[in-house]
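Architecture and fold: a report
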Amino acid sequence: MIKIKTTDRYNITTLRSFMTNILCLLAALVVISIIFLIAGVNPIYAISEIFLGSFGSFYGIKETITKAIPLILIGTGLTLAFRAKFWNIGAEGQLLMGAIFATWTGLTFGEALPPYIIVPLIFLAGFIGGGLWGAIPAILKIKYSINEVISTLMLNYICAEILTMLIVGPWKGKTRFGFPGTNNLPDSAILGLIPGSRIHYATLILAILCAIVLSVIIYKTRFGYEARVVGENPDAGKYAGINFLKTSLILMAISGGLAGLAGVGEVAGIHHYLGYPASISSGYGFTAIIVAWLAKLNPLYAIISGIFFAGILVGGDAIQISLGLPAATVEIVNGTLLIFLIMGDYFLNHKITFQFSSK
Amino acid sequence: MEDIIISTLQRAMVAGTPLLLATTGEVICERSGILNLGVEGVMAMGAVVAFIVTMTTGHPWLGVLAAIAVGMAFSIIHAFTSITLQANQVVSGLALTMLGLGLSGMLGKPYVGKPLSIKMEDWVIPYFSDIPYLGKILFSQGPFFYIAIFLAMASWFLLERTRLGIQIRSTGENPKATETQGVNVFKIKYLSVIIGGGFSALAGAHLSISYSKSWIEGMTAGRGWIAIALTIFALWNPGRAIWAAFLFGGIFVVQYLLQPLGISPNFLSMLPYIATLLILLLISLKDPKKLNAPAMLAEPYKRGER
């Protein structure tokens, strides 16, 4: 008889953590291949198309970095929220609110101000917009014990409708010839691109800076420590006199604010005007959840996992065109990867031994 | 005016049906201590499977059964990660939703926009349907309506009045003590998650083969998430879920009623989501203690060494 015995593992090395992640990704690829096979697509061809589409050409790499910008920003913000076990599923709405605030600022003050004033101003506006939208669920959770998963999700839908209401109504631009959308932002508020690409470098630099600053906040400051205590041991936190409302408000303002910055980048760097919610964000708020998880809630790793998942988005677009697969394919890939990642956590934290006995 | 009110209420019942089914399933699941955020994904799977099977075989009930079977099987993924592997239930549920929305999109692609010609006849209850007003609203609906109410009442009976129900509830409140009573906590949790999945898939089947009689990607439109909120609103009681779900069905329908008044359609589509938050807020303001979820909800249970 074989008996399976599991024991907790305490010393987890970075190498083991890394190898477990890699093994999980490989196992997920096997399952994804089976799904492709059932769908009648050659899995080796499809998967190699995904990675060739994203990392296999200069154009692909440029697009991958472009899409990595919002994922890194949101993903780093989520690492902080998730460490405090604040399940912020509302980054999508926070991104859109950031985009709304930034668009208003850009359209209102952009003409009169030079770029070196208006660009920081729209980033600030986006951070405030996303941060405020993120602070609402924090208040609802701490003061009214309303589950944050529900509130952040509901706020996603609400924000998308507010945005649509604005662009078909009061903010509808005269230059859109009757189509929904605002006027273009004035030139001074539009972010510069790395020539020959769509990479708005200001946001990219900001994203990497944010990841660095946030890792300092999480690992080196009292606030970071308090955020972790709130998540891991709330009773001890109450005993130690941590102000839960204040801590949750700050961490959600940061998490939402970073999603708001991503919204600024999409509007001022890519589209140059505010359009339909689905065109501003292609589900970045949800993909970033996996980014944060793959990064093991470490903001610096979120840079790498952000680029990885941006690659899957870009490659997913590529196989949609070349293999005629539906847009949902990327969700299958993402969902499967996430399931295997959380399965991997078990094998990372537990040692499994097989005992053979004659009984 | 009378006609408008009757038809509005009638449609509120139809719109509330999938919410009731999914909420009932989630109540059972959460009572055992497992939070399943995969409802939206399982619902989408149920919708697409029911549609495909109904379309190809011509038998809607075969479609319903297939949807339930697939929904149950699909939920095992969440059961395995959250019960056996003690993974984080929030993340696991989200993964299930992503996977469900993705797979349903892929499976259903050839069927997008195809109308379903097979019609499920309304069940007009003799005599009762002649009652003025109520007859039209409550007693001449499609089959899913009656099934949903019956299942919600049966689930209430199951949870509150049977041995299995007590085992499910005590598993969610205190798994350790339950296990010392000789109950296999893991089995109870698995069972609850799988039943919940069946319910969600049934809700999806209603959407595709009865409500809209077509399939389109993302047709669940957040109903799964609303069901999770309704679970809280119903205070984990399937009986309360009945009127909670139909109240929300009303909010969905009232959009169309108010549209001619010149209110922005986007504002009206916001209503169900705003109402969800407001209602949770109201419960909390009235009596915060009421929001007490099953004590061990979303807490992974570790079996002691044996």
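Scope of this entry: the structure provided in the associated data block. Owing to the predicted nature of the structure, the values given are computational and were not obtained by experimental measurement.

Right, let's talk about the nonpolar core for a bit. Judged by nonpolar contacts, the single largest core of 190 residues is most densely connected at Phe36, Ile74, Phe82, Leu251 and Trp293 of chain A together with Phe248 of chain B. Sequence-distant contacts of Phe248 of chain B, defined by excluding residues within four places in its chain, comprise Leu19, Ile226, Leu230, Phe233, Pro272, Ala275, Thr276 and Ile279 of chain B. Ala79, Val185, Val193 and Tyr301 of chain B belong to the second largest nonpolar core, which has eight residues in total.

Pairs can form between side chains of opposite charge once their charged atoms are near each other. Residues and elements named next belong to chain A. On inspection of all chains with the given rule, the structure shows seven salt bridges over all chains. Ionic pairing is found between Glu226 and Arg222, a salt bridge with its closest N-O pair at 3.2 Å. Taken together, the residues Glu226 and Arg222, both in helix α8 (residues 222-232) and four residues apart, mark about one turn of the helix. Look at Arg222 and you get exposed, because its relative accessible area is 58%.

So, on to unusual backbone geometry. A positive phi angle, near 40 degrees, is found at Ser145 of chain A, a position not held by glycine. Relative to the helices and strands, Ser145 of chain A resides in the loop between α5 (115-144) and α6 (148-168). Using a relative accessible area of 42% as the deciding quantity, one classes Ser145 of chain A as partly exposed. Residues other than glycine seldom take positive phi values, yet Ala221 of chain B does so here, at roughly 45 degrees. Relative to the helices and strands, Ala221 of chain B is located in the loop between α9 (185-211) and α10 (223-233). Classification of Ala221 of chain B as partly exposed rests on a relative accessible area of 37%.

Attention now moves to helix α11 (residues 238-258) of chain B. Residues and elements named next belong to chain B. For α11, built from 21 residues, the straight-helix expectation of 30 Å at 1.5 Å per residue is met to within 8% by its first-to-last C-alpha distance of 30 Å. Of all the bends in α11, the largest measures some 25 degrees and sits at Phe252. Between the side-chain oxygen of the N-cap and the backbone nitrogen of Gly239 there are 2.7 Å, and the N-cap of α11 in question is Asn237.

As a further point, take the interface of chain A and chain B. Between chain A and chain B, the residue contacts involve 45 residues of the former and 46 residues of the latter. A buried area of about 3,900 Å², summed over both sides, lies between chain A and chain B, and 80% of it is on carbon and sulfur atoms. The interface formed by chain A and chain B holds zero salt bridges in total. Elements represented by at least two residues in the side of chain A that touches chain B include exactly β1 (2-8), α1 (14-38), α5, α6, α12 (284-294) and α14 (329-349) of chain A. Looking at which element gives the most residues to the side of chain A that touches chain B, the answer is α6 of chain A, with 13 residues. Split by residue class, the side of chain A that touches chain B holds 31 nonpolar, 11 polar and three charged.

Structurally, Ile226 of chain B is set in helix α10. Separated by 22 residues in the primary sequence, Ile226 of chain B and Phe248 of chain B place their C-alpha atoms 9.0 Å from one another. If sequence neighbours within four positions are ignored, Ile226 of chain B has contacts with Met154 of chain A together with Leu19, Phe248, Phe252, Pro272, Tyr273 and Thr276 of chain B.

Our next topic: a nonpolar patch on the surface. Residues and elements named next belong to chain A. The grouping of Ile194, Tyr201, Ile205, Ile208, Leu209, Ile212, Val216, Leu300, Tyr301 and Ile304 at the surface amounts to a nonpolar patch, some 880 Å² of accessible area in total. Of all the secondary-structure elements, those providing two or more residues to the nonpolar patch are α7 (201-220) and α13 (299-323). Among the elements that take part in the nonpolar patch, α7 stands out by supplying six residues, more than any other. Summarising the element assignment, Ile194 is placed in the loop between α6 and α7. By relative accessible area, which is 35% here, Ile194 ends up partly exposed.

So, how was this worked out
Residues numbered from 1 in each chain as written. Chains lettered and ligands numbered in written order. Predicted model: local features only at pLDDT ≥ 70, side-chain atom pairs only at ≥ 80, totals over all residues. Heavy atoms only, no water. Core = buried A, V, L, I, M, F, W, Y, C linked by side-chain atoms within 4.5 Å. Buried < 20%, exposed > 50% of the residue type's maximum accessible area, 1.4 Å probe, protein only. Contact = heavy atoms within 4.5 Å. Salt bridge = Lys/Arg side-chain N within 4 Å of Asp/Glu carboxyl O. Helix = DSSP H or I, 4+ residues; strand = E, 2+ residues; numbered from the N terminus. Expected span 1.5 Å × (residues − 1). Bend = angle between axes of the 7 residues up to and from the residue. Polar contact = N/O pair within 3.5 Å; in protein donor to acceptor, adjacent residues only side chain to side chain. Buried area = accessible area lost by both parts, 1.4 Å probe. Nonpolar A, V, L, I, M, F, W, Y, C, P; charged D, E, K, R; others polar. Patch = residues over 30% accessible without salt bridge, like charges linked within 9 Å, V, L, I, M, F, W, Y side chains within 5 Å. Areas by Shrake-Rupley, 256 points an atom, 1.4 Å probe, with all protein chains shown as cover.

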